[in-house]
Amino acid sequence: MSAAMLAVLAVTVAVAAFVQGGSGFGYALIVAPVAGLIDPGLLPGFLLASMIPLNAYVAWRERSSLDLRGAGWISAARIVATPGGLALLWVIPESGLALFVGIATVLAAVVSLLAPAFAPGRGAYLGAGVVTGLTETATGVGGPPLALVYQHSPPAVLRSTVALCFLVGEIASLALLFATGQGDVSDLGRAAAALPLIAAGAWLSRLVHHRLDARRMRLFVLGFALVSGVVLML
């Protein structure tokens, strides 16, 4: 990886941590396409590992707003679906991973933009958990289904609950990847090296997350995901 590519990835990680800390989602949608362009080997291990400290921080910061019932149903379905995401990794050749990540990113953004408002129930929680388990384990991208479920909840509820669901799922996915020989210890080292960048983005989000326009931030993240996903596919 050249110095220029490393710098691009570093800035992307810091910006994505700020976006997710402020809006509740967006880290994977921003980092995955850029990482896929720079080095597809970073997916999904580095992406999953680097999100763990960020989501642990956000869930703790706004723990008083957690929707524990919804998080419980989502996490249960997420864990059950995790082996399916691992199966996708086995099926997809390494040369096709970037294309798959691009397609998954674009589809997730389009669905998030077009989905109508609804009041989530148990079925929505379980469905979001299953889809997230499949896509996040295979590509590192799993936020849009969770953001859809909580898109009309108070921002603090969305941020804290989605962060907790991510945290549980990322640990489960990484554990399964390493248990089946698909994990790479170097991904953990890269994630550790990215900690100062993640901390900087998270700290900045702490200063402004109460004042951010959640709607505009959501549109920005989804627009970026659409563009970067198309570029990755091409």
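Residues numbered from 1 in each chain as written. Predicted model: local features only at pLDDT ≥ 70, side-chain atom pairs only at ≥ 80, totals over all residues. Heavy atoms only, no water.

S.K.: Mind laying out empty space enclosed by the protein, listing which residues take part and the relevant values?
M.R.: If a probe the size of a water molecule is rolled over the atoms, the empty space left behind becomes visible. The tally for this structure, following the rule as stated, stands at one cavity of 30 Å³ or more. Lining the largest cavity, in full, are Gln-20, Gly-26, Tyr-27, Ala-28, Leu-29, Val-141, Gly-142, Gly-143, Pro-144 and Phe-166. Contributions of two or more residues to the lining of the largest cavity are made by helix H2 (27-38) and helix H7 (143-150). Here the lining of the largest cavity gets three residues from one element, more than from any other, and that element is H2. (1 Å grid on protein atoms, 1.4 Å probe; cavity = no way out; pocket = protein on both sides within 12 Å on 5 of 7 lines; lining within 4 Å. Points joined across faces, edges and corners; volume = space filled by probe spheres on them. Helix = DSSP H or I, 4+ residues; strand = E, 2+ residues; numbered from the N terminus.)

S.K.: How would you sum up unusual backbone geometry? Please name residues and give values.
M.R.: Between Leu-43 and the following residue, Pro-44, the backbone shows a cis peptide bond with an omega angle of -5°. Counting through the fold element by element, Pro-44 comes out in the loop between H2 and helix H3 (45-61).

S.K.: An account of the packing of aromatic side chains is needed here, citing residue identities and associated values.
M.R.: Aromatic rings considered in pairs are described by the distance between their centres and by the relative angle of their planes. The full count for this structure, using the stated rule, is one aromatic pair. When the ring of Tyr-125 is compared with that of Tyr-150, the centres are 6.1 Å apart and the planes differ by 25°; the resulting orientation is stacked. Here Tyr-150 lies in helix H7 and Tyr-125 lies in helix H6 (residues 122-139), a separation of 25 residues in the sequence. For the pair Tyr-125 and Tyr-150, one class covers both residues: buried. One Lys or Arg, Arg-63, reaches over the ring of Trp-60 and ends 3.7 Å from the middle of that ring. (Phe/Tyr/Trp six-rings, centres within 6.5 Å; stacked < 30°, edge-to-face > 60°. Buried < 20%, exposed > 50% of the residue type's maximum accessible area, 1.4 Å probe, protein only. Lys NZ or Arg CZ within 6 Å of the ring centre and 35° of its normal.)

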